[in-house]
Amino acid sequence: MKFKDSFDRGQLIALCTVIVLVPALRLFPSAATQFAGRAAWLTAPAAFLPVLLYILFIGDLMERRMEGEGLAELYIRALGPVAGKIALGVSALWFLFYGGFMLRSGADRFITTIYPNSSSPFFSVTMGILGTVAAMGAVRSLVRVAKMVQPVVLGVLLLVLVTALFSVDMRNLLPVTKHDILPIAEGGLAAVNVLTVVLYLVCFIEGLTPKKNGRVRSYSLWALGISLLMCVISFDIIGNFSPELTASLTQPFFSLVRNIVFFRTLERVEALVGTLWVFPDFLMISLLLYCAQHCIRLVLGHSGQYQGEKLLDLRRGRWVIPLCGLASAVASVLIAPNAQSLEFWSAKLIPLVNLGYALLFVPAVYLVGRARKTL
């Protein structure tokens, strides 16, 4: 009997919600504040319209899939066997590179918040091994983990945000004038970056969900909720720290947690919150490794989907999975040997490449497929 690694769209949305917190809390609102200053707390709602347009585009693209197809299979059908495999190879390289960066930035967060003066390769390699083991199994397991941890992660996040509201200084947030409209639009690119990376990543595993209507509505409501959540996050952080200090912080949310005292007695809770954030990191890295191995196995002529194989079964191209984990782990060690270079990767290089992939690469595949009448 064929093993069915399937789940529904509601569970997929739960995965989206958990993994989006990784780039959201790393990139936002420091990047937006550099453009919009005190008005940066409005950049996430302002980004909702372009994100909605992207959802309409990605929805139309995925509506053309057949049962069991994800975005990787659509690449081959849209571009043909040769160009399609090249596109999959480019995608796999990007996912492994991005996975390496996520390992490195996650290790930096651990060092900053919990284990100062520790070595980042230890944390990077450990999380890389865990992500590799997860990528060798069923995506459904990742979805189930996301469904279980979602209420806990969101509950802790909302508790922190509500507590931080009591120390907000409105002088750091207002006034907002008409002259802030253009800076808000420019800062909104950071929010677009955060949301688009999640949207196209989950399309690679959407072939494991039943083909049914309502995709655009589901993702639009999700994006609206996340935009409002990011608005509150930036409102709290900028309101507590001022726009100038926020723009210079590398881990603004965890800096906010460090300054919170719960019930006048409980202090230094950033270690607990930082430890909880292992789950979003783990899910994001595992998903990137799964998508990378899926693309590579399709290039090699194998099915990239899990068929119920045992963990150490390396047949049908599964031998590429540990190699993908190794590649991301090596990249994490080589990326950004110091905090200054990590800031450049986080604020400049990674967002730029991601926007290029989301807004240029994926639409180009769609346009070629429509021109060839293969989509």
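Scroll up to find the structure.
If you're wondering where the values come from, they're calculated on a predicted model, not measured in any experiment.

Focus: the overall build of the protein chain
Then, number 1: On a plain count of helices and strands, the protein chain comes out with 16 helices and zero strands.
Then, number 2: Here the protein chain has a C-alpha radius of gyration of 20 Å; the compact-globule value for 375 residues is 21 Å, and the two agree.
Then, number 3: C-alpha atoms of the protein chain, sized along the principal axes, occupy 60 × 45 × 35 Å.
Then, number 4: Intrachain contacts of the protein chain at a sequence separation of at least 6 include 82% that bridge at least 24 residues.

Quick word on helix 15 (residues 320-334)
Then, number 1: Over its 15 residues, helix 15 extends 21 Å from the first C-alpha to the last, a length consistent with the 21 Å expected when each residue adds 1.5 Å.
Then, number 2: Within helix 15, the full set of buried residues consists of Val-320, Ile-321, Cys-324, Gly-325, Ser-328, Ala-329, Ala-331 and Ser-332.
Then, number 3: Those residues of helix 15 that are buried are in contact with helix 6 (81-113), helix 7 (120-135) and helix 14 (278-299).
Then, number 4: Count one or two residues on from helix 15 and you reach Ala-336, which has phi positive near 50 degrees.

A word on the packing of helix 14 against helix 15
Then, number 1: At their nearest, the axes of helix 14 and helix 15 sit 9 Å apart, and the two run at 130 degrees to each other. By the angle between their axes, helix 14 is oblique relative to helix 15. At the point where helix 14 passes helix 15, the crossing takes the right-handed sense. Note on element contacts: helix 15 touches helix 14 through Val-320, Ile-321, Cys-324, Gly-325 and Ser-328, opposite Leu-289, Ala-292, Gln-293, Ile-296 and Arg-297.

Some thoughts on the packing of helix 6 against helix 15
Then, number 1: One can describe the packing of helix 6 onto helix 15 by two numbers: an axis separation of 7 Å at closest approach and a directional angle of 55 degrees. Relative to helix 15, helix 6 is oriented oblique. Seen from above, helix 6 lies across helix 15 with right-handed handedness. Judged by residue contacts, Leu-96, Gly-99, Gly-100, Leu-103 and Arg-104 of helix 6 engage Cys-324, Ala-327, Ser-328, Ala-329, Ala-331 and Ser-332 from helix 15.
Then, number 2: By residue class, the composition of the contact of helix 6 with helix 15 is six nonpolar, four polar and one charged.

What about helix 1 (residues 9-27)?
Then, number 1: Under the 1.5 Å per step criterion, the end-to-end length of helix 1 is 27 Å for 19 residues, consistent within 8% with the ideal 27 Å.
Then, number 2: A maximum bend of about 25 degrees is found in helix 1 at Leu-21, where proline Pro-23 lies one to four positions downstream.
Then, number 3: Of all 19 residues in helix 1, 17 are buried; the element is thus mostly enclosed.
Then, number 4: Of the residues flanking the start of helix 1, the one acting as N-cap is Asp-8, its side-chain oxygen 3.1 Å from the backbone nitrogen of Gly-10.

A word on the environment of Gln-305
Then, number 1: Among the secondary structure elements, Gln-305 is positioned in the loop between helix 14 and helix 15.
Then, number 2: Each C-alpha atom of the pair Gln-305 and Gly-100 lies 22 Å from the other, and the pair is 205 residues apart in sequence.

Considering unusual backbone geometry
Then, number 1: The omega angle of the peptide bond from Leu-174 to Pro-175 is 5 degrees, so this bond is cis rather than trans.
Then, number 2: Look at Ser-242: it is not a glycine, yet its phi comes out positive at around 85 degrees.
Then, number 3: For Ser-242, the location among the structural elements is in the loop between helix 10 (215-241) and helix 11 (243-248).
Then, number 4: For Ser-242, a relative accessible area of 15% gives the class buried.
Then, number 5: Although it is not a glycine, Lys-373 adopts a positive phi angle of roughly 60 degrees.
Then, number 6: Topologically, Lys-373 is positioned in the segment after helix 16 (339-371).

Points about the packing of aromatic side chains
Then, number 1: What the rule picks out here adds up to 17 aromatic pairs.
Then, number 2: Geometrically, the ring pair formed by Tyr-200 and Tyr-357 is tilted, given 4.9 Å between the ring centres and 50 degrees between the ring planes. In this pair, Tyr-200 sits in helix 9 (residues 181-203) while Tyr-357 sits in helix 16, placing the two residues 157 residues apart along the sequence. Residues Tyr-200 and Tyr-357 agree in their burial class; the two are buried.
Then, number 3: One aromatic cluster is present, formed by Tyr-75, Phe-95, Tyr-200, Phe-204, Tyr-357 and Phe-361 through successive ring pairs.

Considerations on the pattern of salt bridges
Close approach of charged atoms allows side chains with opposite charge to pair.
Then, number 1: For the structure shown, the criterion picks out six salt bridges.
Then, number 2: Of the charged contacts, one joins Asp-60 and Arg-64 as a salt bridge, the two residues approaching to 3.2 Å between their closest N and O atoms.
Then, number 3: A relative accessible area of 26% places Arg-64 in the partly exposed class.
Then, number 4: The shortest N-O distance in the salt bridge between Arg-215 and Glu-63 comes to 3.1 Å. Here Arg-215, found in helix 10, pairs with Glu-63, found in helix 4 (residues 48-63); they are 152 residues apart in sequence, far enough to count as distant.
Then, number 5: Arg-215 sits in the buried class, given a relative accessible area of 3%.

About the criteria used
- Numbering of residues begins from 1 in every chain and follows the order in which that chain's sequence is written.
- Reporting in this predicted model follows two pLDDT cut-offs: at least 70 for local features of residues, and 80 or more for side-chain atom pairs to be given and counted; totals over whole chains, interfaces and linings ignore these cut-offs and use all residues.
- As a convention, hydrogens and water are excluded, and side-chain values are obtained from all of the structure's heavy atoms.
- By the criteria applied, helices consist of DSSP H or I runs no shorter than four residues and strands consist of E runs no shorter than two, each listed in order from the N terminus.
- Radius of gyration: C-alpha atoms only; globule rule: 2.2 Å multiplied by the number of residues to the exponent 0.38.
- The contact criterion used throughout is that any non-hydrogen atoms of two residues lie within 4.5 Å.
- Helix span, expected: 1.5 Å multiplied by one less than the number of residues in the helix.
- Three exposure classes are used, based on accessible area relative to the maximum for each residue type with a 1.4 Å probe and protein chains only: buried under 20%, partly exposed in between, and exposed over 50%.
- Angles shown run from 0 to 180 degrees and are taken between the N-to-C directions of axes, each axis being a line fitted to C-alpha atoms and, for helices, limited to the stretch in contact.
- Working rule for angles: under 35 degrees goes down as roughly parallel, over 145 as roughly antiparallel, 65 to 115 as roughly perpendicular, anything else as oblique.
- Take the far helix as your reference; a near helix turned counterclockwise from it by less than a right angle gives a left-handed crossing, and one turned clockwise gives a right-handed crossing.
- All residues other than Ala, Val, Leu, Ile, Met, Phe, Trp, Tyr, Cys, Pro, Asp, Glu, Lys and Arg, Gly among them, are scored as polar; the first ten of these are nonpolar and the last four charged.
- Fitting one axis to the seven residues ending at a residue and another to the seven starting there, the bend at that residue is the angle between the two axes.
- Polar contact is the term for a pair of N or O atoms within 3.5 Å; when the atoms are in protein, one must be able to donate a hydrogen and the other to accept it, and sequence-neighboring residues count only if both atoms are side-chain atoms.
- Think of it this way: a Phe, Tyr or Trp ring, Trp meaning its six-membered ring, pairs with another when their centres are within 6.5 Å, and the plane angle makes it stacked under 30 degrees, edge-to-face over 60, tilted otherwise.
- For this document, the term salt bridge refers to a Lys or Arg side-chain nitrogen within 4 Å of an Asp or Glu carboxyl oxygen.

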